[in-house]
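Now for the letters of each chain:
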Amino acid sequence: MVREAKEKDLKDILKLYLCLHEETIPEQSERLSYTWKQILKDENHHLIVNEIAGKIVSSCVCVVIPNLTRNVRPYAFVENVVTHTDFRGRGLASECLEYAKQIAKRCNCYKMMLLTGSKEKEIFHFYKNAGYNSADKTAFIQWLDS
């Protein structure tokens, strides 16, 4: 079942992120609690989860960004697309991306975009099958050390 995250989902989402790029689950802290509350209350921040038998096995984030161009239409940015390694190849992340697309349409977004750090052809194929292309824009990243 695909849905937006609820307050009780934090622990399961953080565990799932170990299949993304995280090496450890952050310790419970004021900063973690504050950030989680900010995400949940932000009407433009959608943390989408897909669960099977009550277990969160796939997820993505869709952030709707207000914009002054394109007839003052917002755009959506997708990030943190992940499926637990035991559940890959079942279309679960595709369902999350479709849910994100419906949010973007409902918000009158003119485009959706995402970045991937993967160089695997299978991942590129996955995103192309989901309707994304890598021909229209070029991404540049500047990492900020903290």
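Use the structure listed above.
Worth saying up front: this structure is predicted, and the values here are computed from it rather than measured.

### Side note on a nonpolar patch on the surface
Here is step 1: Taken together, Leu115, Ile141 and Trp143 make up a surface patch of nonpolar side chains, about 370 Å² in accessible area.
Here is step 2: Within the secondary structure, Trp143 sits in the segment after helix 4 (121-129).
Here is step 3: What makes Trp143 exposed here is its relative accessible area of 74%.

### Describing the environment of Tyr17
Here is step 1: By the element assignment, Tyr17 lies in the loop between helix 1 (10-16) and helix 2 (30-41).
Here is step 2: The contacts of Tyr17, once residues within four sequence positions are left out, are Glu22, Leu47, Ser59, Val61, Asn80 and Val82.

### Concerning helix 2
Here is step 1: The terminal C-alpha atoms of helix 2, which comprises twelve residues, lie 16 Å apart, in line with the 16 Å expected from a rise of 1.5 Å per residue.
Here is step 2: Among the residues making up helix 2, those that are buried are Leu32, Trp36 and Ile39. Seen from one end, helix 2 has its buried residues packed into an arc of 60°, which puts them on one side. When the buried face of helix 2 is taken as reference, the exposed residues oriented beyond 90 degrees from it are Glu30, Arg31, Tyr34, Lys37 and Lys41.
Here is step 3: Against helix 1 and strand 2 (45-52) lie the buried residues of helix 2.

### With respect to the nonpolar core
Here is step 1: Judged by nonpolar contacts, the single largest core of 18 residues is most densely connected at Ile48, Cys60, Val78, Val81, Leu97, Met112 and Tyr132.
Here is step 2: Breaking this core down by element, the ones donating at least two residues are strand 3 (55-65), strand 4 (75-83), helix 3 (92-106) and strand 5 (112-114).
Here is step 3: At six residues, helix 3 tops the list of elements feeding residues into this core.
Here is step 4: Filtering out sequence-adjacent residues up to four positions away, Val81 remains in contact with Leu20, Ser59, Cys60, Ala93, Leu97, Phe126 and Tyr127.
Here is step 5: Core analysis: the next-biggest nonpolar cluster, separate from the first, contains 14 residues, Ala5, Val49, Ile56 and Val82 among them.

### Quick notes on the environment of Leu68
Here is step 1: Its place among the elements puts Leu68 in the loop between strand 3 and strand 4.
Here is step 2: Relative accessible area serves as the criterion here: at 77%, Leu68 is assigned to the exposed category.
Here is step 3: Residues Leu68 and Tyr110 lie 42 residues apart in sequence; the distance between their C-alpha atoms is 12 Å.

### Some words on the packing of aromatic side chains
Here is step 1: Per the counting criterion, the structure on display carries three aromatic pairs.
Here is step 2: Judged by centre distance (6.4 Å) and plane angle (75°), the rings of Tyr75 and Tyr110 are edge-to-face. Of this pair, Tyr75 sits in strand 4 while Tyr110 sits in the loop between helix 3 and strand 5, and the two are 35 residues apart along the sequence.
Here is step 3: The class for Tyr75 is buried, based on a relative accessible area of 19%.
Here is step 4: Put simply, the rings of Phe126, Tyr127 and Tyr132 touch in pairs and so form one group of aromatic residues.

Quick notes on the rules
Residues numbered from 1 in each chain as written. Predicted model: local features only at pLDDT ≥ 70, side-chain atom pairs only at ≥ 80, totals over all residues. Heavy atoms only, no water. Patch = residues over 30% accessible without salt bridge, like charges linked within 9 Å, V, L, I, M, F, W, Y side chains within 5 Å. Areas by Shrake-Rupley, 256 points an atom, 1.4 Å probe, with all protein chains shown as cover. Salt bridge = Lys/Arg side-chain N within 4 Å of Asp/Glu carboxyl O. Helix = DSSP H or I, 4+ residues; strand = E, 2+ residues; numbered from the N terminus. Buried < 20%, exposed > 50% of the residue type's maximum accessible area, 1.4 Å probe, protein only. Contact = heavy atoms within 4.5 Å. Expected span 1.5 Å × (residues − 1). Arc of directions from axis to C-beta. Core = buried A, V, L, I, M, F, W, Y, C linked by side-chain atoms within 4.5 Å. Phe/Tyr/Trp six-rings, centres within 6.5 Å; stacked < 30°, edge-to-face > 60°.

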